[in-house]
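Observations on the three-dimensional arrangement
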Amino acid sequence: MGEPPATGAAAVDPEPDPESVARNIALRLLTHSPRSRAQLAQAMAKKDVPDDVAASVLDRFEEVGLVNDVEYAEMLVRTRRAERGLARRALATELYRKGVDSEIAEEALATVDPEDEEATARDLVRRKARSSVGLEHQKRRRRLVGLLARKGYSPSVALRVVDGVLAEEGVVDTDDRVG
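Here's a quick rundown of the structure. (Residues numbered from 1 in each chain as written. Predicted model: local features only at pLDDT ≥ 70, side-chain atom pairs only at ≥ 80, totals over all residues. Heavy atoms only, no water.)

Moving on, we get to the overall build of the protein chain. Per the secondary structure count, the protein chain includes 10 helices and 0 strands. Each helix and strand of the protein chain, placed in order from N terminus to C terminus, yields the pattern α-α-α-α-α-α-α-α-α-α. When each of the 179 residues of the protein chain is scored for burial, the buried share is 34%. A separation of at least 24 residues holds for 60% of the contacts in the protein chain among residues at least 6 apart in sequence. (Helix = DSSP H or I, 4+ residues; strand = E, 2+ residues; numbered from the N terminus. Buried < 20%, exposed > 50% of the residue type's maximum accessible area, 1.4 Å probe, protein only. Contact = heavy atoms within 4.5 Å.)

See below:
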């Protein structure tokens, strides 16, 4: 089984060139969506592309503008905020997981205005609050705060926004305890 076949592509080139493998991996991944340099390097490492070859290909891709972590981080922050309503903390975690350098991530996160972040949280809560109208106040409040927590909002922001939206609706905390 160790011998290459006598005919076909494997007979002509049984061992593909590592540089072309690296290029194909990067191009295939970039065709679907933008990626960070670290994500591409990780994909190449999984396919046993030597580190020096991967670095060379990635350097070339950066030169021609196919890989740009600054643009990638800005795009990720912009789209995740618009599509999912994520807070800075969740965005920072996602950038870290995608291998974006901490300085680049900080620059991209600097575009998130705390007032806009709170307005986004308020919009999320208003939308979700409509679907929970019949629930008991504490259960509803817990669910809405949990929604914001999962999106990376701090407890203080989540509580303030949820209580504000519920107050706008005229919902008051009716304590079930007898005094």
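What follows picks up the thread again.
It is worth spelling out the nonpolar core at this point. One finds Val125, Leu144, Leu148, Tyr153, Val161 and Val162 to be the most contacted residues of the largest nonpolar core, which totals 16 residues. Sorting the residues of this core by element identifies α8 (114–130), α9 (137–150) and α10 (155–168) as the ones contributing at least two each. Tallying contributions element by element places α10 first for this core, with 6 residues. Core analysis: the next-biggest nonpolar cluster, separate from the first, contains 15 residues, Leu29, Leu58, Phe61 and Val67 among them. (Core = buried A, V, L, I, M, F, W, Y, C linked by side-chain atoms within 4.5 Å.)

What follows concerns the environment of Ala105. Among the structural elements, Ala105 can be located in helix α7 (residues 102–109). The exposure class assigned to Ala105 is buried, which follows from its relative accessible area of 8%. Distance in space between the C-alpha atoms of Ala105 and Tyr72 is 9.7 Å, their sequence separation being 33 residues. The residues contacting Ala105, other than those within four sequence positions of it, are Leu95 and Val100.

On to the side chain of Glu118, then. Here Glu118 is to be found in helix α8. In this structure Glu118 comes out as buried when scored by relative accessible area, which is 18%.

With that settled, the discussion passes to a positive patch on the surface. On the surface, Lys128, Lys139, Arg142, Arg143 and Arg150 cluster together into a positively charged patch. With 4 residues, α9 is the single largest residue contributor to the positive patch. Inspection of the secondary structure puts Arg150 in helix α9. (Patch = residues over 30% accessible without salt bridge, like charges linked within 9 Å, V, L, I, M, F, W, Y side chains within 5 Å. Areas by Shrake-Rupley, 256 points an atom, 1.4 Å probe, with all protein chains shown as cover. Salt bridge = Lys/Arg side-chain N within 4 Å of Asp/Glu carboxyl O. Lys, Arg positive; Asp, Glu negative; His and termini not counted. Charge placed at Lys NZ, Arg CZ, Asp CG, Glu CD.)

What follows covers the pattern of salt bridges. Counted by the stated rule, this structure contains 12 salt bridges. The partner of Arg37 in a salt bridge is Glu62, and the shortest N-O contact between them spans 3.1 Å. Of this pair, Arg37 sits in helix α3 (residues 37–46) while Glu62 sits in helix α4 (residues 51–63), and the two are 25 residues apart along the sequence. Among the residues examined, Glu62 registers a relative accessible area of 34% and is labelled partly exposed.

Note: α-helices contain 3.6 residues per turn, so residues at a spacing of three or four share the same orientation. For α7, the set of buried residues is Ile104, Ala105, Ala108 and Leu109. The buried residues of α7 all sit within an arc of 135° when viewed along its axis, so they share a single face. Away from the buried face of α7 by more than 90 degrees, exposed residues Ser102, Glu103 and Glu107 are located. Looking at the buried side of α7, the elements it contacts are α5 (69–84) and α6 (88–97). Where α7 starts, the residue carrying a side-chain oxygen 3.2 Å from the main-chain nitrogen of Glu103 turns out to be Asp101. (Arc of directions from axis to C-beta. Polar contact = N/O pair within 3.5 Å; in protein donor to acceptor, adjacent residues only side chain to side chain.)

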